[in-house]
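Report on the structure
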Amino acid sequence: MPTWAAAGLWGLVGGGALVLGALVAWCVRVPQRVVAGVMAFGAGVLISALSFELVDEAEASGGLLATAVGFLVGAVAYVAANVALARRGAAHRKRSGGQQATESDQPGSGTAIAVGALLDGVPESVVLGLSLLDGGTVGVAVLAAIVISNVPEGLSSAAGMKWAGRSARYVFAVWGGIAVISGLAALAGALLLQGAPAEAIAVVTALAAGAILAMVADTMIPEAFERTHLYTGLIAASGFLLAFVVGRA
């Protein structure tokens, strides 16, 4: 299978975890404390993966300057986009309770939430595509981190959408569309950067890592802490350790 096709497939797998989480939320009433606990665990997994699998490898291959620049640009770009979307009703898009804005509360909030969910998912998918460059195999730790974090993300956000009165057609169109776009983003990352200089790949990898860390801090951890409170740190640390062990094993 061509590298770009494999990248697209793995990106689709990662994005498909969001659909799985949304399906669980729609069919089963999962206690919010359980959702928050898994969200905290997923946050720890993502932080470990971006630390040891993304930033560390980007610095080793492309140098400290390229990595630092990419990381900072990714974080700034994500926060700027997130602030803009929050003002349009997407501030609580990962919340599982009644915090999400409805269309009657804020017209256009549904579109903002969809775009925000896309903003959260694309950087992860690009990283999966990059991991396959130069004949490499998909990063197991990164893939596991994305799947483990995406299931509770989709679950929590879909539960909030359901609470806000959004239809099943809207919910699954959003997550299904994001799964497809995730596959395309991974495909594009592998296709466009094939043969690119190591510094360029390092910048893009670090950019994605910066965006992922900003996303974890802005959306996942607040939702987790709201329900798990003082246990959030321990649960996140457990996820971090698991991802580290998987990566090293």
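Residues numbered from 1 in each chain as written. Predicted model: local features only at pLDDT ≥ 70, side-chain atom pairs only at ≥ 80, totals over all residues. Heavy atoms only, no water.

Named according to an unreviewed UniProt entry, the protein chain is ZIP family zinc transporter originating from Nocardioides zeae.

Quick look at the packing of aromatic side chains
Counted only if it meets this: Pairing of aromatic rings covers Phe, Tyr and Trp, the last counted by its six-membered ring, and requires centre-to-centre distances within 6.5 Å; plane angles under 30 degrees mean stacked, over 60 mean edge-to-face, and any other angle means tilted. Labels follow the DSSP assignment, with helices taken as runs of H or I lasting at least four residues and strands as runs of E lasting at least two, numbered in each case from the N terminus.
Scanning all chains against the criterion turns up three aromatic pairs. Their ring planes at 70° and their centres at 6.1 Å tell us that W26 and F172 sit as a pair that is edge-to-face. You can see W26 sitting in helix α1 (residues 3-27) and its partner F172 sitting in helix α6 (residues 168-192), a full 146 residues away along the chain. Geometrically, the ring pair formed by F52 and F240 is edge-to-face, given 5.7 Å between the ring centres and 70° between the ring planes. Taken together, the positions of F52 in helix α2 (residues 32-62) and F240 in helix α8 (residues 232-248) put the pair 188 residues apart, joining distant regions of the chain.

Focus: the nonpolar core
Our working rule: The definition of a nonpolar core used throughout is a set of buried Ala, Val, Leu, Ile, Met, Phe, Trp, Tyr and Cys residues joined through side-chain atoms within 4.5 Å. Working definition: with a 1.4 Å probe on protein chains only, accessible area under 20% of the residue-type maximum means buried, over 50% means exposed, and in between means partly exposed.
Within the largest apolar cluster, 25 residues are counted, with the highest numbers of intra-cluster contacts made by L46, L54, V142, I212, M215, V216 and M220. Those elements that place two or more of their residues in this core are α2, α4 (109-130), α5 (140-163) and α7 (198-228). No other element matches the nine residues that α7 contributes to this core. Judged by nonpolar contacts, the second largest core, of 13 residues, contains A22, A117, A159 and V174.

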